[in-house]
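# Inside the fold
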Amino acid sequence: MNKHSTAASFLQAESLGPARPWREAPRGSDPEGQVAILTIVRRNWRSILTLSGIGLIAAIVYVATAPSIYTAKARVYIESRSSPVTARDTPGAATPLEIPEVESQVEYIRSEKIALAAVRRLGLPPSQDLAVPPHPLVAKLREGLGAVKLFVGHLIGLHPAAKPVSPASPEERQAGTVRENLEASRIGAAYVIEVGYSLDNPADAAAVANAVADAYVATQLENRSQIWKVAGEWILPRLKELQQRASQASREAQTYKAEHAIIDLGKRGLVGEQQLEELNTAVASARSKTVDARATRDQIHMLLASDIADPGITEAFKDTVIIQLRKQYVDLVQRADDLKRRLGPDHDAVTAIQKDVLAAKQSLRAELERLAASLDRDYEVAKAREDSMSASFDALISKTLVTSEARVKAKELDRAAETYDQIYTNMLSRYIDAVNQQSYPQPSAHVITPASVPERPSAPRGGLIVMLGLLVGAGLGVSGAFARHWFDRTIRSPGQLTGQGLPCLAALPELRREPGYRAALALAQAHASEALRPASVEAFKASAVRFMPQSVFVERLHSLKSHLLGNDRRGPVFAIGVTSVEAGTGKTAFASNFAQLLARSRSAAASRILLIDADVRQATLSRLNQAADQRGLLDVLAGRCGTEEAVRLQLGDVRLLACGSLLPGDPHFSDLMTPEAIAGLVRDERTHLDRIIVDLPPADELPTLRPLLDMLDGVILVAEAGKTDIDDVVAAVHDLESAGCTVLGVVLNKTNATPAVRRGTIVNSLVRRTAALKPAAPSRLARSWRRRPAADVTDSGASA
């Protein structure tokens, strides 16, 4: 028998350490169970419902026996607190109240001063109690606890200390009661405070609430009158002092202006500044005229120095005489050129006209020289005027600078006088307000809604208490459900297996929860070919690989095959047994689907996967494939037929060896399964098969099949989620390993995890994170993996 465990290759290197016995292994974490709250609630709904009903009944009894309490409420509006120093003309006086100021007024209403003033306003007899009556059940419970406390004190020799007698007056005691039971709170973000008081008598509750509100308003009025009185007494001496300072500052400003001849024209500035501005404009105009005269003069001198016949003369000077002389000169030149061309240069007419041309040119030059002399005189006059104005401007600037320096100090004196005058005016206004407010102060708070006699009780709030009792009962039920889940040893997630050091090969979902399960079942049952129709729903589940190839169930079977067998067709794991801790875990459906998956894979040839039904007592696999009355394993072992005669080809290219049947004269099936018979059976099949899958009975019946177990290269243990106990799985693995079997791993079947929870979701991320933080404990499989030779690791075909 092959003793090498291929499933140990799935363990991480960190987890390979000294192993502990199965029973002493620590209980693994259940990260998926920690997040599957709805699953826990669904499993314990009866206890949750029972505790919720108990809480509901207790709340109803409490509401039925509780006394009716009435709450009367009055509303007080608080205004901004202006004082003689911060009145209406001050910017800070219009600032809204801050939250701490309003909250301070709430605490002021709860103060002992307001409570005592309210009690005096009510004028109640000293014996009247203003406290809220306690609940009868709570009062009796307190009396019982007090009696128990006294009894225990007497038993141990302790005596309660005598309470000191309070020297307070009846009014002070009533005020203390009012203060303890008074409710005052701000309404939202408004400057409104709601004052409430609760009593079993609605009329008394309204009277106390109104008395507290009125006492607060009256106290505020008295405080405000006192504030205005103190402010008036403080302002009067300072008002006289400010009057003297304002008069003195005005006199100093006027005296300084007279000494420095500062004449202010208001918005136009000083007189010197106005003159400086006008002279500056005149200097600029003179400079502009000087520049123009100089430019014209320079231009005419340039023309005189050059040829006066230049055509630019008429364009530069708009003079009528120059334009006429220039025109005559041009005409004579054109006529001379014409005569020269017709008569020749030596003709008398040509000589005569040339003399006329020379005379015209001399006349033009003489006129230009006269104009140049006139422009020279104009330039000198403009230059002299500019120099005179510039000198006057410089002198005025010097004088203005001196006056401006004196004006700076004059402005400071004016500002000081204005400031003192404004302060005096404001202080005088404050003093007038203070004198007026002393006789008739304006209240800073108003009762906008007096308390009315409540018509309905405010307590107990039956609906809320009943809902709270229901929620408390439900909370206890849910807490109990979680506690039960915590101490529950039933396997519900792969994390529990890995926590015990057991390799979980796959977590297969329940097929009926798969999306498209009903559609696939209906399609299979309505198949046109009768041979392809499943005989029952269980037969459909046993062939899920063929009917639902895209389901999560089949996808995880593919992952199991890849991890367990890899791509090796004829590796050391040739014969695989499938067993379970108890019946009904779905091991037969798993074995059937696993065999069909191996047959449909590319690495396996057609009809080279043999599926053997070795569950002699149940023969579930044979019944699902309608082969219960055909020859099978027992017939081969009894010698009534050969293996080839008993094996039949099933749908999905799987060869099936049914369980068979025993005749009345045959020995017990445990006697038929001799080592020689089993060895011959496997020896005949090893030459032309890729893999053998054996559907074994539950683990407690395996000792009767010891020769068949020796033939197997590994065993897969199937456990049902929510039904199989972790301790039973550990014991079964221990028994199998003690018997010499190689446990490949555990398959968790019928998990409640829906296919919608896929890789990448928040739940799976939390699960993987929790599993990574708590590594699995090493197991006996890890120790066997350490003892494996290197060659066996290579031949096993398992993927880490």
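Residues numbered from 1 in each chain as written. Predicted model: local features only at pLDDT ≥ 70, side-chain atom pairs only at ≥ 80, totals over all residues. Heavy atoms only, no water.

### Examining the side chain of Gln-220
Examined against the element boundaries, Gln-220 turns out to sit in helix α8 (residues 202–259). Among the polar contacts listed, one links the side chain of Gln-220 to the side chain of Ser-444, at a separation of 3.4 Å. (Helix = DSSP H or I, 4+ residues; strand = E, 2+ residues; numbered from the N terminus. Polar contact = N/O pair within 3.5 Å; in protein donor to acceptor, adjacent residues only side chain to side chain.)

### Regarding the sheet that holds strand β9 (residues 654–657)
Strands in a sheet are paired, the pairing made by backbone hydrogen bonds, and the direction either parallel or antiparallel. Taken together, the 8 strands give an open sheet; going across it, the order is β5-β12-β11-β6-β10-β7-β9-β8, and neighbouring strands pair in mixed fashion. Among the strands making up the open sheet, the edge pair consists of β5 (504–509) and β8 (648–650). Strand-to-strand, the axes of this sheet are offset by a mean angle of 25 degrees, without reference to chain direction. Where helix α18 (residues 552–564) meets the sheet, it contacts β5, β11 (714–720) and β12 (743–751), and its direction lies at approximately 170 degrees from that of β5. Of the strands in this sheet, β5, β6 (575–580), β7 (609–613), β9, β10 (691–695), β11 and β12 touch helix α19 (residues 587–600), which is tilted by about 170 degrees from β10. (Pairing = 2+ DSSP bridges. Axes fitted to C-alpha atoms, helices over the stretch in contact; angles between N-to-C directions. Contact = heavy atoms within 4.5 Å.)

### Points about the packing of aromatic side chains
If you walk through the whole model with that rule in mind, you get 4 aromatic pairs. Both rings, one in Tyr-108 and one in Tyr-216, keep their centres 6.0 Å apart while their planes meet at 65 degrees; by these two values the pair is edge-to-face. With Tyr-108 in helix α4 (residues 99–109) and Tyr-216 in helix α8, this pair connects stretches of sequence that are 108 residues apart. Ring centres 5.7 Å apart and planes at 65 degrees place the aromatic pair Tyr-517 and Phe-540 in the edge-to-face group. Residue Tyr-517 is found in helix α15 (residues 517–525), and its partner Phe-540 is found in helix α16 (residues 537–542); the two are separated by 23 residues along the sequence. With relative accessibility at 8%, the residue Tyr-517 sits in the buried group. (Phe/Tyr/Trp six-rings, centres within 6.5 Å; stacked < 30°, edge-to-face > 60°. Buried < 20%, exposed > 50% of the residue type's maximum accessible area, 1.4 Å probe, protein only.)

### Let's talk about the packing of helix α5 (residues 112–122) against helix α7 (residues 170–181)
In the contact formed by α5 and α7, the axes pass within 8 Å of each other and the chain directions differ by 120 degrees. Read as a crossing pair, α5 and α7 show a hand that is right-handed. Listed contacts from α7 to Glu-112, Ala-115, Leu-116, Val-119 and Arg-120 of α5 are Glu-171, Glu-172, Gln-174, Ala-175, Val-178 and Arg-179. Of the residues contributing to the contact of α5 with α7, the split by class is 5 nonpolar, 1 polar and 5 charged. (Left-handed = near helix turned anticlockwise from the far one by under 90°. Nonpolar A, V, L, I, M, F, W, Y, C, P; charged D, E, K, R; others polar.)

### Remarks on a nonpolar patch on the surface
The grouping of Val-148, Phe-151, Val-152, Leu-155, Ile-156 and Leu-158 at the surface amounts to a nonpolar patch, some 620 Å² of accessible area in total. Locating Val-152 in the fold gives a position in helix α6 (residues 136–156). (Patch = residues over 30% accessible without salt bridge, like charges linked within 9 Å, V, L, I, M, F, W, Y side chains within 5 Å. Areas by Shrake-Rupley, 256 points an atom, 1.4 Å probe, with all protein chains shown as cover. Salt bridge = Lys/Arg side-chain N within 4 Å of Asp/Glu carboxyl O.)

### Side note on helix α26 (residues 726–738)
Structural remark: α-helix, 3.6 residues per turn; residues separated by three or four positions point the same way. The terminal C-alpha atoms of α26, which comprises 13 residues, lie 18 Å apart, in line with the 18 Å expected from a rise of 1.5 Å per residue. All of the buried residues along α26 are Ile-726, Val-729, Val-730, Ala-731, Ala-732, Val-733, Leu-736 and Glu-737. At the N-terminal end of α26, a side-chain oxygen is found 2.8 Å from the backbone nitrogen of Asp-727, two or three residues along, and the residue is Asp-725. Just past α26, the residue Gly-740 takes up positive phi, approximately 90 degrees. (Expected span 1.5 Å × (residues − 1).)

### Looking at the pairing of strand β3 (residues 192–199)
Counting buried positions along β3 yields 8 of 8 residues, so the element is predominantly enclosed. In β3, alternate side chains face the same way, and those of Val-192, Glu-194, Gly-196 and Ser-198 on one face and Ile-193, Val-195, Tyr-197 and Leu-199 on the other are all buried. Judged from the 4 bridges that link them, strand β2 (residues 183–186) and β3 form a sheet pairing that is antiparallel. Looking across to β3, one finds that Ala-184 is bridged to Val-195. Between β2 and β3, which pair antiparallel and follow one another directly, the connecting turn spans 5 residues, one of which, Gly-188, has a positive phi of 60 degrees.

### A few points about the pairing of β7
The buried fraction of β7 amounts to 5 of the 5 residues, a majority that puts the element mostly inside the structure. Burial along β7 is two-sided: the residues Ile-609, Leu-611 and Asp-613 and Leu-610 and Ile-612 are all buried. The pairing of β7 with β10 spans 5 bridges and is parallel. The partner of Asp-613 across the bridge, within β10, is Asp-695.

### Focus: the pattern of salt bridges
Scanning the model with the defined rule gives 20 salt bridges in all. Residue Asp-695 is joined to Lys-587 by a salt bridge in which the shortest nitrogen-to-oxygen separation is 2.8 Å. Residue Asp-695 is found in strand β10, and its partner Lys-587 is found in helix α19; the two are separated by 108 residues along the sequence. Ionic contacts of the salt-bridge type, sharing partners, join the residues Lys-73, Arg-75 and Glu-194 into one network.

### Considerations on the sheet that holds strand β1 (residues 70–78)
The strand order across the open sheet formed by 4 strands is β2-β3-β1-β4, and the pairing between neighbours is antiparallel. The open sheet terminates on both sides in strands that have one partner only, identified here as β2 and β4 (445–449). Within this sheet the neighbouring strands show an average axis-to-axis angle of 30 degrees, counted without direction. Examined bridge by bridge, β1 and β3 share 8 bridges and lie antiparallel to one another. Bridged to Ala-74 within β3 is Val-195. Against the sheet, α8 makes contact with β1, β3 and β4, and its axis sits at roughly 20 degrees relative to β1, the strand it touches most.

### Regarding helix α3 (residues 45–65)
With 21 residues, α3 should cover 30 Å at 1.5 Å per step; its first-to-last C-alpha distance of 30 Å lies within 8% of that length. Those residues of α3 not exposed but buried are Ile-48, Ser-52, Gly-55 and Ala-59. Across the axial projection of α3, the buried residues extend over an arc of 65 degrees, all falling on one side. Along α3, the residues that are exposed and aim more than 90 degrees away from the buried face are Arg-46, Leu-49, Ile-54, Ile-57 and Ala-64. (Arc of directions from axis to C-beta.)

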